[in-house]
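So the chains spell out like this:
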Amino acid sequence: MNQDQEFFSMPRIGDAAPEFKAVTTQGDINFPADYKGDWVILFSHPADFTPVCTSEFMTFATMQDQFAEANCKLVGLSIDGLYSHIAWLRSIKEKIEYKGMKEVEVTFPLIEDISMNVAKKYGMIQPNEDTTKAVRAVFFIDPKGIIRAIIYYPLSLGRNFDELYRVIIALQAADEFGIATPADWQPGDDVIIGPAGSCGTAKDRMEDQELDCKEWYFCTKKLDKDLVLDTILKKK
Ligand code: BEZ
């Protein structure tokens, strides 16, 4: 395998999440088997003891309960060792105050990946960005262990965690209600029904009083916010 193949092989949407066993700050994990039945966000960060990553971990840890209510567990990774991880997480809890967050304890697992075994499997090393640090990759993995969405950010750009939460809710809403979600969708906004597959369906849709069809291929319908949130959050 040449360097390109080694670093550029990455799983795609719809693939089974690559399997691995790893040491983490919360003990050993067997991924994704240990997370069967839960949604998981597996995410990488470039390095411990760096400012953007610190702001991200504090934000994610503060939102952990919100993600848990949406049936979603968090698993982090960087190409650092376990003792570095432990020292960094202790420093965050003991010393860092940022945007009203303080004494933040990171209780989700943080994988040590000095061998880059996991980072390579998930295409988290992008050599033209950095050969020894993982970029800010985010994999959304469903309860069956299938990758459902992927977002990548460069080293310099901290992630928007409200967006990651929106993705988790939107993916589950699509599964539960058989709909798609338009740009910037939030629970309570109208949702999109799949494209008409025949001339007859197109005509029916245009005449359906419960739909709002801008054109035969672009029809929306109401989906109650409480129904969406109750359905997703009650599953816990
Ligand atoms: C940071 O998290 O602050 C960071 C890490 C690697 C490169 C640039 C910034």
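Note that this is a predicted model, so its numbers are computed, not measured. Counting restarts for each chain, with residues numbered from 1 along the sequence as it is written. With pLDDT at 70 or above as the cut-off, local features in this predicted model cover only qualifying residues; side-chain atom pairs require 80 or more to be listed or tallied, and sums for whole chains, interfaces and linings still use all residues. Hydrogens are left out, water is left out, and the side-chain values use all remaining heavy atoms of the structure.

**A short note on the pattern of salt bridges**
Should their charged atoms come close, side chains of opposite charge can pair. The condition is simple: Salt bridges are identified by distance alone: a Lys or Arg side-chain nitrogen within 4 Å of an Asp or Glu carboxyl oxygen. In this text, helices come from DSSP runs of H or I with a minimum length of four residues, and strands from runs of E with a minimum of two, each type numbered from the N-terminal end. The buried label goes to any residue with under 20% of its type's maximum accessible area, the exposed label to any with over 50%, and the partly exposed label to all in between, with areas taken from a 1.4 Å probe on protein chains only.
Overall, the coordinates contain 11 salt bridges when judged by the stated rule. E105 is the salt-bridge partner of K93, the closest N and O atoms lying 3.8 Å from each other. With K93 in helix α4 (residues 82-95) and E105 in the loop between β6 (101-102) and β7 (110-112), the pair connects residues that are 12 residues apart, well separated along the chain. For K93, a relative accessible area of 34% corresponds to the partly exposed category. With a closest N to O distance of 3.1 Å, R148 and D142 form a salt bridge. Taking relative accessible area as the criterion, D142 reaches 9% and is therefore assigned buried. Sharing partners across several salt bridges, the network here consists of E56, R136 and R159.

**Thoughts on the site of the ligand**
To keep things clear, this is the line we draw: Nearness here has a simple test: a residue counts as near a molecule or strand if at least one of its heavy atoms is within 4 Å of that partner. Polar contacts, as counted here, are pairs of nitrogen or oxygen atoms within 3.5 Å of one another; within protein the pair requires one atom able to donate a hydrogen and one able to accept it, and residues that are adjacent in sequence qualify only if both atoms are side-chain atoms. Gly falls in the polar group here, along with every residue not listed as nonpolar (Ala, Val, Leu, Ile, Met, Phe, Trp, Tyr, Cys, Pro) or charged (Asp, Glu, Lys, Arg).
All residues in the neighbourhood of the ligand are listed as P46, T50, P51, V52, C53, R136 and L155. Within the contact set of the ligand, an oxygen atom lies 3.2 Å away from a backbone nitrogen or oxygen of P51. A distance of 2.8 Å separates an oxygen atom of the ligand from a polar backbone atom of C53. The leading source of residues in the shell around the ligand is helix α2 (residues 51-62), at 3 residues. Taken together, the residues of the shell around the ligand break down into 5 nonpolar, 1 polar and 1 charged.

**Some points on a nonpolar patch on the surface**
In plain terms, the rule: To count toward a patch, a residue needs a relative accessible area over 30% and no salt bridge; like charges are then connected within 9 Å, while nonpolar side chains (Val, Leu, Ile, Met, Phe, Trp, Tyr) are connected within 5 Å. Using the Shrake-Rupley algorithm and a 1.4 Å probe, accessible areas are obtained, with residue cover drawn only from the displayed protein chains.
Taken together, the side chains of M206, W216, Y217 and F218 present a nonpolar region at the surface, about 420 Å² in accessible area. Inspection of the secondary structure assignment puts Y217 in the loop between β11 (212-215) and β12 (218-221).

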